[in-house]
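Examining the three-dimensional arrangement
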Amino acid sequence: DARVTQTPRHKVTEMGQEVTMRCQPILGHNTVFWYRQTMMQGLELLAYFRNRAPLDDSGMPKDRFSAEMPDATLATLKIQPSEPRDSAVYFCASGPTRGETQYFGPGTRLLVL
Amino acid sequence: DAKTTQPPSMDCAEGRAANLPCNHSTISGNEYVYWYRQIHSQGPQYIIHGLKNNETNEMASLIITEDRKSSTLILPHATLRDTAVYYCIVRVATGGGATNKLIFGTGTLLAVQP
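Note that the structure is predicted; figures quoted are calculated from it, not measured. (Residues numbered from 1 in each chain as written. Chains lettered and ligands numbered in written order. Predicted model: local features only at pLDDT ≥ 70, side-chain atom pairs only at ≥ 80, totals over all residues. Heavy atoms only, no water.)

Structural notes on the overall build of chain B
When helices and strands are counted, chain B shows zero helices and nine strands. Shown N-terminal to C-terminal, the secondary structure of chain B runs as helices and strands in the order β-β-β-β-β-β-β-β-β. Against the compact-globule benchmark of 13 Å for 114 residues, chain B has a radius of gyration of 14 Å, which places it among compact chains. In terms of principal-axis extent, the alpha carbons of chain B reach across some 45 × 30 × 25 Å. Of all 114 residues assigned to chain B, the portion counted as buried reaches 46%. For chain B, restricting intrachain contacts to residue pairs at least 6 apart in sequence, the fraction spanning at least 24 positions comes to 59%. Of the accessible surface of chain B, which amounts to about 5,700 Å², a share of 51% is contributed by carbon and sulfur atoms. (Helix = DSSP H or I, 4+ residues; strand = E, 2+ residues; numbered from the N terminus. Rg over C-alpha atoms; globule rule 2.2 N^0.38 Å. Buried < 20%, exposed > 50% of the residue type's maximum accessible area, 1.4 Å probe, protein only. Contact = heavy atoms within 4.5 Å. Areas by Shrake-Rupley, 256 points an atom, 1.4 Å probe, with all protein chains shown as cover.)

Put into structure tokens, the structure is as follows:
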């Protein structure tokens, strides 16, 4: 049963620290998405990759957030420096190129103190 | 992408059919209707999608009105594990760039009661 995996599942850090979240998309999927979920804003799309190239990162604060795909099996989302307002659940999702469905991982729960 | 309107919450008795409505009056001819759900503390899960014909799979049925301005997701025999937030999303389903985005609204919290 293929699944999207995310690490770490939980992260508590102090303001100003760097946070790196990792995602392993489903093998064969070449689109990867990063979402953020908070009580106030709901689910928001941060960035979107196809074939490892960023297609849309308009939802991501550029000054502190960065998203990359070093290879087809790994996507990373970094926050540097982190701030308390970054506290949220970060979801990664993957899908096939022309697929209508996205498959979500379990999320990384981030708390910035 | 067209905006959708869903009731904030609904209740359903266990074992009964759950019918979740969604209005999408500004939907375009090439936009599909998608349903996802999010069980507490989990990532969203794809349920079903359709363009204009009714669709059924192992999880649910999707009924789209003839004018395509609204749809209903039907869970035929709701169980306690179906308690979740259900999101109705409309978007163009092609392979091109930004059209693969999912824009989540606030969804409907379905509470299945024992």
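So, next bit.
Description of a nonpolar patch on the surface
The grouping of Val-12, Leu-111 and Leu-113 of chain A at the surface amounts to a nonpolar patch, some 290 Å² of accessible area in total. By the secondary structure assignment, Leu-113 of chain A is in the segment after strand E11 (108-112). (Patch = residues over 30% accessible without salt bridge, like charges linked within 9 Å, V, L, I, M, F, W, Y side chains within 5 Å. Salt bridge = Lys/Arg side-chain N within 4 Å of Asp/Glu carboxyl O.)

Brief notes about the sheet that holds strand E9 (residues 108-113) of chain B
Residue and element names in this part refer to chain B. Pairing is mixed across the open sheet formed by five strands, whose spatial order is E1-E9-E8-E3-E4. Of all strands in the sheet, those bounded by a partner on one side alone are strand E1 (9-13) and strand E4 (45-50). With direction set aside, neighbouring strand axes in the sheet form an average angle of 25 degrees. Where E1 meets E9, five bridges bridge the pair, whose relative direction is parallel. Its bridge partner lying in E9, Ala-13 is registered against Gln-113. (Pairing = 2+ DSSP bridges. Axes fitted to C-alpha atoms, helices over the stretch in contact; angles between N-to-C directions.)

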